[in-house]
Amino acid sequence: MPKYLFTCEVEPQYLSEQSSPDEDQYAFAYTITITNGGEVAAQLIARHWIIDDAHGNTEQVKGLGVVGHQPLLRPGESFQYTSGTRLATPTGSMRGSFFCVAEDGERFEAPVTEFALRATGAGDAPARVLH
């Protein structure tokens, strides 16, 4: 077992009720589960997200904690939270990392592998009814 290890699982979700495809606004939620798979308790201090849309636009988001928390996770413990983002395209992706500090002072990064954001049921053009 590694001494310092946070693993991250992601579940993205398209929020059709908060989206306006006619205005090129697509809302997504993502639920992150962070688990301390290491041997030492550690605290999540900050996050860094890289968000790409289908037009090649990139946005970077950095900040302290996640949804107002800086959880301290003992070995085997998990923390789950849900947040969201908006894109101007129906598809895109996110990737990033969490900056963590172990109880013994060691600093490490917990990477979040790239995951897809896809608007399900949202085409490039709205459906039309022909009479």
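These remarks concern the structure in this document. The written sequence of each chain sets the order in which its residues are numbered from 1. Restriction of local features to residues with pLDDT of at least 70 applies here, the model being predicted, together with a cutoff of 80 or more for giving and counting side-chain atom pairs; totals for whole chains, interfaces and linings are based on all residues. The side-chain values count all of the structure's non-hydrogen atoms but skip hydrogen atoms and water molecules.

### A word on the overall build of the protein chain
This is how it is decided: Going along the chain from the N terminus, every DSSP run of H or I of four or more residues is numbered as a helix, and every run of E of two or more is numbered as a strand. The buried label goes to any residue with under 20% of its type's maximum accessible area, the exposed label to any with over 50%, and the partly exposed label to all in between, with areas taken from a 1.4 Å probe on protein chains only. Contacts are assigned to residue pairs with any non-hydrogen atoms lying within 4.5 Å of each other.
Helices and strands together make up the secondary structure of the protein chain, namely zero helices and eight strands. The linear arrangement of helices and strands in the protein chain, starting from the amino end, is β-β-β-β-β-β-β-β. Taken along the three principal axes of its C-alpha coordinates, the protein chain extends 70 × 25 × 25 Å. Here the protein chain holds 131 residues, and the buried ones make up 38% of them. Taking the contacts inside the protein chain whose residues are at least 6 apart along the sequence as the reference set, 66% of them involve residues at least 24 apart.

### Focus: the side chain of Ser97
Going by this rule: The term polar contact refers here to a pair of N or O atoms within 3.5 Å; inside protein, the definition further demands a hydrogen-donor-capable atom paired with an acceptor-capable atom, and it admits residues adjacent in sequence only when both atoms are side-chain atoms.
Its place among the elements puts Ser97 in strand 7 (residues 91–102). Ser97 sits in the buried class, given a relative accessible area of 16%. Here the side chain of Ser97 touches Glu109 through a polar contact of 3.0 Å, side chain to side chain. Dropping the residues within four chain positions of it, Ser97 is found in contact with Ala46, Arg47, His48, Glu109, Ala110, Pro111 and Val112.

### Structural notes on the packing of aromatic side chains
This is how it is decided: In this scheme Phe, Tyr and Trp rings, the latter by its six-membered ring, pair at centre separations within 6.5 Å, and the angle between planes marks the pair as stacked below 30 degrees, edge-to-face above 60, and tilted otherwise.
Tallied over the full model, the rule gives eight aromatic pairs. Ring geometry for Tyr30 and Phe115: centres 6.1 Å apart, planes at 55 degrees, overall tilted. Of this pair, Tyr30 sits in strand 2 (residues 26–36) while Phe115 sits in strand 8 (residues 107–118), placing them 85 residues apart in sequence. Neither residue differs from the other here; Tyr30 and Phe115 are each classed as buried.

### A few points about the environment of Arg74
As for its placement among the helices and strands, Arg74 is situated in the loop between strand 5 (72–73) and strand 6 (78–87). In this structure Arg74 comes out as partly exposed when scored by relative accessible area, which is 43%. Taking C-alpha positions, Arg74 is 8.6 Å from Gly38, a pair spaced 36 residues apart along the chain.

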